[in-house]
Amino acid sequence: MTQPKPDLSVKPEVTAFFDAQSNTISYVVKDPASPACAVIDPVMEFDAAAGRLTHDGSNKIIAFIQEHGLTTEWIIETHVHADHLSGAPYLQDRIGGRIGIGEHVITVQETFGKIFNEGTEFERDGSQFDRLFTDNDTYQVGQMACFALHTPGHTPACMVHVMGDAVFAGDTLFMPDGGSARADFPGGDAGQLYDSIQRILSLPDEMRLFICHDYGPNGRAIAWETTIGDERAANIHVGAGKSRDEFIRFRTERDAELAMPALILPSLQVNMRGGDVPADEDGNPTLKIPLNKL
Ligand SMILES: [Fe+2]
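Residues numbered from 1 in each chain as written. Predicted model: local features only at pLDDT ≥ 70, side-chain atom pairs only at ≥ 80, totals over all residues. Heavy atoms only, no water.

Trainee: Residues and numbers for the coordination of the iron ion, please.
Mentor: Bound to the iron ion are the protein donor atoms His79 (NE2), His154 (NE2) and Asp171 (OD), situated 2.1 to 2.4 Å from the metal. A relative accessible area of 5% means that Asp171 is categorised as buried. (Donors = N, O, S within 2.8 Å, 3.2 Å for Na, K, Ca; no water. Buried < 20%, exposed > 50% of the residue type's maximum accessible area, 1.4 Å probe, protein only.)

Listed below in C-alpha cells is the structure:
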C-alpha cells in the first residue's frame with residue numbers, strides 16, 4: 001500500500017497527560033467532527049519496591065473522557081514500551097475502545113518470550129491485541145481519517161500515527177532539543193531509526209508533532225508539542241541534514257553509556273501481553289525478574 005496523504009484541514013483536539021515517574025506523555029485525541037476519540041500510550045504506575053500497581057493517570061484520562069462526553073474508539077500503543085507499564089486494559093474495561101499496536105509486536109513477543117522463558121500458554125501471534133496495524137494502514141476515529149507508519153529502529157514494532165494534521169511520534173523523535181530515542185534494545189537498530197525518522201520528517205512542515213517522552217533537557221519545562229518543520233531544522237540528532245553515518249556513530253556511542261530503564265523487566269512482560277499482568281499458577285498477579293539476560 002502506498003503512504004496515505006494527511007488531511008491538514010482536519011485538526012483534532014489533543015489533550016496531554018504527563019506521567020512523572022516515566023516522563024511519558026499520553027494523549028486523548030478527539031475527532032473535531034464528532035465525540036469520538038482515541039487514547040494513545042496510557043500508563044499504569046508501578047511502585048517496584050512495594051510491588052504495587054496504581055491507576056492514577058488512567059483515572060485522570062477516564063474522568064476527562066467522561067466529563068467531555070467522549071466515545072473511546074481506540075486505545076493505541078505506539079510500541080511495546082520498556083520504561084512504563086501500559087494502562088490500556090484498565091481503560092478498555094471502563095471506557096471501551098479497541099487496543100491496537102503494530103503487527104511486528106510478534107517479533108517483540110518472540111524475543112522477550114525467550115528472555116522471560118514463557119511457556120506455550122504465552123501466544124506469540126499478537127492475539128492479545130484487538131488490531132495489528134500494518135505499514136500505511138488506515139483507520140477512522142469518528143469521521144477523522146488516520147493512518148499508521150511502520151517506523152522501526154527503537155523497537156521492531158514502533159509505529160507513528162497520523163490523525164488529521166497531528167503526528168504522534170512514539171519513541172522515534174523527541175523534542176528538537178531532546179533528539180531521538182535509543183536504539184539498543186533487543187531488535188533495535190540505529191540505521192533503521194534514522195530511516196524511520198527521515199520518513200517522519202518528509203511529512204508536511206506545518207504538521208503538529210506530539211512526542212511520547214520528554215526529560216526537560218538543560219532544565220527547561222517539560223514539553224511535548226513541536227512541528228515537523230522545527231524538527232527538520234533543529235533536532236539535535238537528525239536536524240539540519242545530519243547524515244545517516246553521523247547519526248549511527250553518535251547513537252551507538254550514546255546508547256552504550258545509557259543504563260537500562262528502571263522498569264524495563266516489569267514493563268516488557270506486561271506490555272507484550274497487551275498490558276495484561278501475568279499470573280502465577282494460583283492466578284495471583286506476579287512478575288518475573290530473569291537475571292543476567294539483558
Ligand atoms: Fe519506548
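Trainee: Run through the sheet that holds strand S11 (residues 144–150), naming residues and quoting values.
Mentor: Across the sheet, which stays open at both edges, the six strands sit in the order S10-S11-S12-S13-S14-S15 with mixed pairing between neighbours. The sheet terminates laterally at strand S10 (137–141) and strand S15 (225–227), the two strands that pair on one side only. With strand direction ignored, the average angle separating the axes of adjacent strands in the sheet is 25 degrees. For S11 and strand S12 (residues 159–163), the ladder comprises five bridges, and the chain directions are antiparallel. Looking at the pairing, Cys146 lines up with Met163 of S12. (Pairing = 2+ DSSP bridges. Helix = DSSP H or I, 4+ residues; strand = E, 2+ residues; numbered from the N terminus. Axes fitted to C-alpha atoms, helices over the stretch in contact; angles between N-to-C directions.)

Trainee: Which residues make up the packing of helix H1 (residues 56–67) against helix H2 (residues 88–95), and what values do they have?
Mentor: The description of two packed helices rests on the angle between their axes and on the distance between the axes. Remark: H1 packs on H2, axes separated minimally by 10 Å, with the N-to-C direction vectors making an angle of 30 degrees. Considering the angle they form, H1 stands roughly parallel to H2. Both H1 and H2 take part in a crossing whose hand is right-handed. Every residue of H2 that contacts H1 at Ser58, Asn59, Ile61, Ile62, Ile65 and Gln66 is listed here: Tyr90, Leu91, Arg94 and Ile95. For the contact of H1 with H2, a count of residues per class yields six nonpolar, three polar and one charged. (Parallel < 35°, antiparallel > 145°, perpendicular 65-115°, else oblique. Left-handed = near helix turned anticlockwise from the far one by under 90°. Contact = heavy atoms within 4.5 Å. Nonpolar A, V, L, I, M, F, W, Y, C, P; charged D, E, K, R; others polar.)

Trainee: Account for the packing of aromatic side chains, naming residues and giving values.
Mentor: Enumeration according to the criterion identifies ten aromatic pairs in this entry. Considering the side-chain rings of Phe17 and Phe64, the 5.7 Å spacing of their centres and the 75 degrees angle between planes classify their relative orientation as edge-to-face. Remark: Phe64 occurs in helix H1 and Phe17 occurs in strand S1 (residues 13–19); sequence separation between them is 47 residues. Take Phe17 and Phe64: they sit in the same class, and that class is buried. Where Phe168 meets Phe210, the ring centres are 5.2 Å apart and the plane angle is 15 degrees; that geometry is what we call stacked. (Phe/Tyr/Trp six-rings, centres within 6.5 Å; stacked < 30°, edge-to-face > 60°.)

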